[in-house]
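The lines below spell out each chain.
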Amino acid sequence: MTSLAALAAIVDEAASSATAVPQLTETITDLSVDDAYAVQALSIARRRARGERRAGYKMGLTSRAKMQQVGVSEIIWGRLTDAMRLTEGGELSRARYVHPRVEPEIAYIIGRPLAGEVSAAEALAAVEAIAPALEIIDSRYRDFKFTLPDVIADNSSSSGFFVGSWARPSADVSNLGILMEVDGRPVQIGSSAAILGNPIRSLLAAARLVARAGERLEPGDIVLAGGATAAHPLTPGQHIRTTFQALGIVAFTVIT
Ligand code: 0L1
Ligand code: MG
C-alpha cells in the first residue's frame, strides 16, 4: 500500500519540478478527503524542511464560477508559504509552473489568533488589514483534471500569490467591482460578492476548517479568500493588470 508520505512526495516533486503527474486517485481509488488533507500537510512539511516558512492559507472554490470551472462543488483550503509570494508589479516565470492560471482574490492579514466557529464581527476584529490579491493556481495533475481528494492533496492547486497595497480592516470589500485585463484587453469582470456573497464568509470558513485540522489562523498569516471570477491561463509575454474598485491595482508580467 502506498503511504501518505509517498503521495506527498509525488505532489511535492511535481510542483518543484513543474512536471504534470497522473491523479493520485487513478491508483489510490479510495483516497479520502481526510487522507488528502494529511497528504497536503505532509507535502508542506517537505517545503518547510527545505526552509520555506508559513505564510497563511488559501481558500478555494468559494465561488460558483470556480466550482463550475473545475467540476468540484465544495469549499477547500490549502497552505501558503513565503516562497509562493511573488512581487507585485514584478515578473512570473512561466517555466516554474505546469499550466498556471491567475484569479483575482481578496487577502486578509491576521492580527490576532482566530479559529473555530466565529462571528463576522469576531473575524473582522482579528483582521489587521485587507488587500487586493491575485492567486496563481497550477494543478500538478495532467490536463488540470482532478477529483476532490486529488486537488486537496495537491495543496488545492495553490502555487503563488501577489498582494497589493494593504487597506484598513474596516474597508468595505463586500461588493467591489473587479476587472482583469491581459495586455489591455478585459478577460474577466466580476465582483468580490462572488466570493460566498461576501469575502468575510470565506474568512469564517477558514477559521472553521483549519480548526478541524487542529490549526488556527495566526498573527501574520495571509488568508486568500478565493477567486472572484474564473481563472485565466498564463502564457509568456502577457501583462496582467487587475483593478479592484476602491482597493487598487495588482499587476505582473509573464516571462518564459
Ligand atoms: O479556488 C481556487 O483557488 C481553486 C482551487 C482548486 C481548483 C483549481 O485548481 O482551479
Ligand atoms: Mg484561488
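To be clear, the structure that these remarks concern was listed above.
Residues numbered from 1 in each chain as written. Chains lettered and ligands numbered in written order. Predicted model: local features only at pLDDT ≥ 70, side-chain atom pairs only at ≥ 80, totals over all residues. Heavy atoms only, no water.

1. Description of the environment of Arg-185
Argument step 1. Mapped onto the secondary structure, Arg-185 falls in strand β8 (residues 185–191).
Argument step 2. For the pair formed by Arg-185 and His-239, sequence separation is 54 residues and the distance between their alpha carbons is 10.0 Å. (Helix = DSSP H or I, 4+ residues; strand = E, 2+ residues; numbered from the N terminus.)

2. Some thoughts on the nonpolar core
Argument step 1. One finds Leu-92, Ile-106, Tyr-108, Ile-136, Leu-203, Leu-217 and Phe-252 to be the most contacted residues of the largest nonpolar core, which totals 69 residues.
Argument step 2. With 8 residues, helix α6 (residues 199–212) is the largest single contributor of residues to this core.
Argument step 3. Excluding residues within four positions of it along the chain, Leu-203 makes contact with Tyr-108, Ile-110, Leu-114, Ala-123, Val-127, Leu-217 and Val-223.
Argument step 4. Within the second largest apolar cluster, 12 residues are counted, among which are Ala-55, Ala-107, Ile-109 and Phe-161. (Core = buried A, V, L, I, M, F, W, Y, C linked by side-chain atoms within 4.5 Å. Buried < 20%, exposed > 50% of the residue type's maximum accessible area, 1.4 Å probe, protein only. Contact = heavy atoms within 4.5 Å.)

3. Thoughts on the coordination of the magnesium ion (ligand 2)
Argument step 1. Protein coordination at the magnesium ion (ligand 2) comes from Glu-103 (OE), Glu-105 (OE) and Glu-135 (OE), with a distance range of 1.9 to 2.0 Å.
Argument step 2. Taken in sequence order, the residues that donate to the magnesium ion (ligand 2) follow the motif E-x1-E-x29-E. Within this pair, whereas Glu-105 is found in strand β4 (residues 101–110), its partner Glu-135 is found in strand β5 (residues 127–137), the two being separated by 30 residues in sequence.
Argument step 3. For Glu-105, a relative accessible area of 0% gives the class buried.
Argument step 4. A relative accessible area of 0% means that Glu-135 is categorised as buried. (Donors = N, O, S within 2.8 Å, 3.2 Å for Na, K, Ca; no water.)

4. Details of the site of ligand 1
Argument step 1. Neighbouring ligand 1 are 14 residues; Lys-58, Leu-61, Glu-103, Glu-135 and Ser-157 lie closest to it.
Argument step 2. Between ligand 1 and Ser-157 there is a distance of 2.6 Å, counted from an oxygen atom to a side-chain nitrogen or oxygen.
Argument step 3. Look at ligand 1: alone it shows 300 Å² of surface, and the protein chains cover 100% of it.
Argument step 4. Residue assignment for the shell around ligand 1 shows that the elements contributing at least two residues are β1 (54–60), α3 (64–70) and β5. (Near = heavy atom within 4 Å. Polar contact = N/O pair within 3.5 Å; in protein donor to acceptor, adjacent residues only side chain to side chain. Areas by Shrake-Rupley, 256 points an atom, 1.4 Å probe, with all protein chains shown as cover.)

5. Thoughts on the pairing of strand β12 (residues 248–255)
Argument step 1. Where strand β3 (residues 91–93) meets β12, 3 bridges bridge the pair, whose relative direction is parallel. Opposite Leu-92, over in β12, you have Val-254 as the bridge partner.
Argument step 2. Here strand β11 (residues 239–244) pairs with β12 via 6 bridges, running antiparallel. Counted as the bridge partner of His-239 is Thr-253 from β12.
Argument step 3. Counted along the chain from β11 to the antiparallel partner β12, the turn is 3 residues long, and its residue Ala-246 has a positive phi close to 70°. (Pairing = 2+ DSSP bridges.)

6. Considering the packing of helix α1 (residues 4–17) against helix α2 (residues 33–49)
Argument step 1. Look at α1 against α2: their axes get within 8 Å of each other, and the N-to-C directions meet at 60°. Looking at the two axes, α1 sits oblique to α2. In this structure, α1 crosses over α2, and the sense of that crossing is right-handed. Residues Leu-4, Ala-5, Leu-7, Ala-8, Ala-9, Val-11, Asp-12, Glu-13 and Ala-15 of α1 touch α2, and the partners they reach there are Asp-35, Ala-38, Val-39, Leu-42, Ser-43, Arg-46 and Arg-47.
Argument step 2. Here the residues of the contact of α1 with α2 sort into 10 nonpolar, 1 polar and 5 charged. (Axes fitted to C-alpha atoms, helices over the stretch in contact; angles between N-to-C directions. Parallel < 35°, antiparallel > 145°, perpendicular 65-115°, else oblique. Left-handed = near helix turned anticlockwise from the far one by under 90°. Nonpolar A, V, L, I, M, F, W, Y, C, P; charged D, E, K, R; others polar.)

7. Some thoughts on the pattern of salt bridges
Argument step 1. Within the structure shown, the criterion is met by 11 salt bridges.
Argument step 2. Arg-54 is the salt-bridge partner of Asp-221, the closest N and O atoms lying 2.6 Å from each other. Residue Asp-221 is located in the loop between α6 and β9 (222–224), and its partner Arg-54 is located in strand β1; the two are separated by 167 residues in the primary sequence.
Argument step 3. Note that Arg-79 is salt-bridged to Glu-215, the shortest N-O span being 2.4 Å. With Arg-79 in strand β2 (residues 76–81) and Glu-215 in the loop between α6 and β9, this pair connects stretches of sequence that are 136 residues apart. (Salt bridge = Lys/Arg side-chain N within 4 Å of Asp/Glu carboxyl O.)

8. Describing unusual backbone geometry
Phi is mostly negative for residues that are not glycine, and the peptide bonds are mostly trans.
Argument step 1. The backbone of Leu-61 shows a phi angle near 55°, a positive value even though the residue is not glycine.
Argument step 2. Position of Leu-61 relative to the elements: it lies in the loop between β1 and α3.
Argument step 3. Looking at Leu-61, the relative accessible area reads 6%, which means it is buried.
Argument step 4. The phi dihedral of Ser-157 falls on the positive side, at around 65°, and the residue is not glycine.
Argument step 5. Residue placement: Ser-157 occurs in the loop between α5 (148–153) and β6 (158–163).
Argument step 6. Residue Ser-157 is classed as buried on the basis of its relative accessible area of 4%.

The values are spatial; any link to function lies outside them.
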